[in-house]
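# Chain and residue survey
So the chains spell out like this:
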Amino acid sequence: MITLLTIHNVSKQTGISVRTLRYYEEIGLLLPIAKTEGGHRIYGENELKTLQQIVFLKALGFKLKEIQTLINNSWNWEASLDHQLAFVAEEQKKLQQMKNTILGLKNASSIEGGLTESLIQKYIKLSNQERDNKQAFRQQIFAATEIELFRKLPNLNQNDPNSLEWIGLLGQLKQLHKESPEADSVQFIIKRMMEKAKVEYNGNDEFLEKMWTIRKSTYKSEQIGLYPLEEEFLHFIEQAFHVYETKKQALGKSQS
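Quick caveat: nothing in here was measured; it's all calculated off a predicted structure.

### Considering helix α1 (residues 7–14)
- All buried positions along α1 are accounted for by Ile7, Val10 and Ser11. For α1, the angular spread of buried residues about the axis comes to 100°, placing them on one side. Exposed residues on α1 whose side chains face more than 90 degrees from its buried face are Lys12 and Gln13.
- The inward-facing, buried residues of α1 abut β1 (5–6), α2 (18–26), β3 (41–43) and α3 (45–59).
- Among the residues trailing α1, glycine 15 stands out with phi positive, at a value near 80°.

Shown next as structure tokens:
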């Protein structure tokens, strides 16, 4: 027995609005099997199957014109699916870039202690740098082994535990940069930074010294894609590290 449904019943069963069903009829995508004397559209089982196909193909990202051609069997399905797969891959890439940018802004906000206009301007400048140019500049500065170490550095656009801890430590230090570099709260953070650096870059002090030299250069930092930090804050960090090393050496002498 053939089941016949009015447009309103089809809408209730499928969740597709009456307005959309009428539009599909208007463009010739889904035609009713008949109309009643009162002008009500009637749909049969084949029309419902076609509607299911339309909904499915729309979910895959196909446009209505493409769906119409596919349903009429006048298009190469294999080529269409390959094309759509490439489209989805490109969209995923764009979404990942959007995700990275949002994470970067959130992490930059953690460092700066809030989202400000100057922070957004910093991040826009950082984001506008061409990826290929940054890669080329890095290859000029670093040896192949150092490139691998560079990739291990905390990434502002990621939310892995290591990057988040470094960002958190830097943010805490930023909040304390008006304090004395000798303050216990400052030295506690520096100590944790040194502990992390030792675990992650043990035996690569030369690389760390090179990175710090680059970090202090606004031009070089920008060229390799490091998040920009104010000269005053960098000077504060350097002083705090100097205090830490001095105390550590003094302690070593007193124990020897």
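### A word on the pattern of salt bridges
- All chains considered together, the criterion is met by 14 salt bridges.
- Glutamate 165 is the partner of lysine 196 in a salt bridge, and the nearest nitrogen-oxygen pair spans 3.4 Å. One end of the pair, lysine 196, is in helix α10 (residues 184–201); the other, glutamate 165, is in helix α9 (residues 161–175), and 31 residues separate them in sequence.
- Judged by its relative accessible area of 29%, glutamate 165 falls in the partly exposed class.
- With a shortest N-O distance of 2.6 Å, glutamate 195 and lysine 191 are connected by a salt bridge.

### Observations concerning the packing of aromatic side chains
- Inspection of every chain in the model, using the stated rule, returns four aromatic pairs.
- Taken together, a centroid distance of 5.9 Å and an interplanar angle of 50° make the contact between phenylalanine 142 and phenylalanine 207 tilted. Residue phenylalanine 142 is located in the loop between α7 (131–141) and α8 (144–151), and its partner phenylalanine 207 is located in helix α11 (residues 205–215); the two are separated by 65 residues in the primary sequence.
- You can call phenylalanine 207 buried: its relative accessible area is 3%.
- Ring-pair connections join several aromatic residues into one group, and the members of that group are Phe142, Phe150, Tyr201 and Phe207.
- Across the ring face of tyrosine 201, the terminal group of lysine 152 is positioned such that the distance to the ring centre comes to 5.4 Å.
- For the cation-ring pair, lysine 174 lies above phenylalanine 233, with the distance from its terminal atom to the ring centre recorded as 5.4 Å.

### Topic: the environment of isoleucine 214
- With respect to the element layout, isoleucine 214 can be found in helix α11.
- Along the backbone, isoleucine 214 and lysine 106 are 108 residues apart, and their C-alpha atoms lie at a distance of 24 Å.
- Isoleucine 214 has contacts with Ile141, Phe142, Lys220, Ser221, Ile224 and Leu226, leaving out every residue within four places of it along the chain.

### Regarding the confidence of the model for the protein
- Across the protein, the average pLDDT comes to 86, with 94% of residues at 70 or higher.
- Confidence scores differ between elements of the protein, with helix α6 (residues 117–127) showing the lowest mean pLDDT of 74 and α2 the highest of 94.

Cut-offs and rules
Residues numbered from 1 in each chain as written. Predicted model: local features only at pLDDT ≥ 70, side-chain atom pairs only at ≥ 80, totals over all residues. Heavy atoms only, no water. Buried < 20%, exposed > 50% of the residue type's maximum accessible area, 1.4 Å probe, protein only. Helix = DSSP H or I, 4+ residues; strand = E, 2+ residues; numbered from the N terminus. Arc of directions from axis to C-beta. Contact = heavy atoms within 4.5 Å. Salt bridge = Lys/Arg side-chain N within 4 Å of Asp/Glu carboxyl O. Phe/Tyr/Trp six-rings, centres within 6.5 Å; stacked < 30°, edge-to-face > 60°. Lys NZ or Arg CZ within 6 Å of the ring centre and 35° of its normal. pLDDT = per-residue confidence, 0-100.

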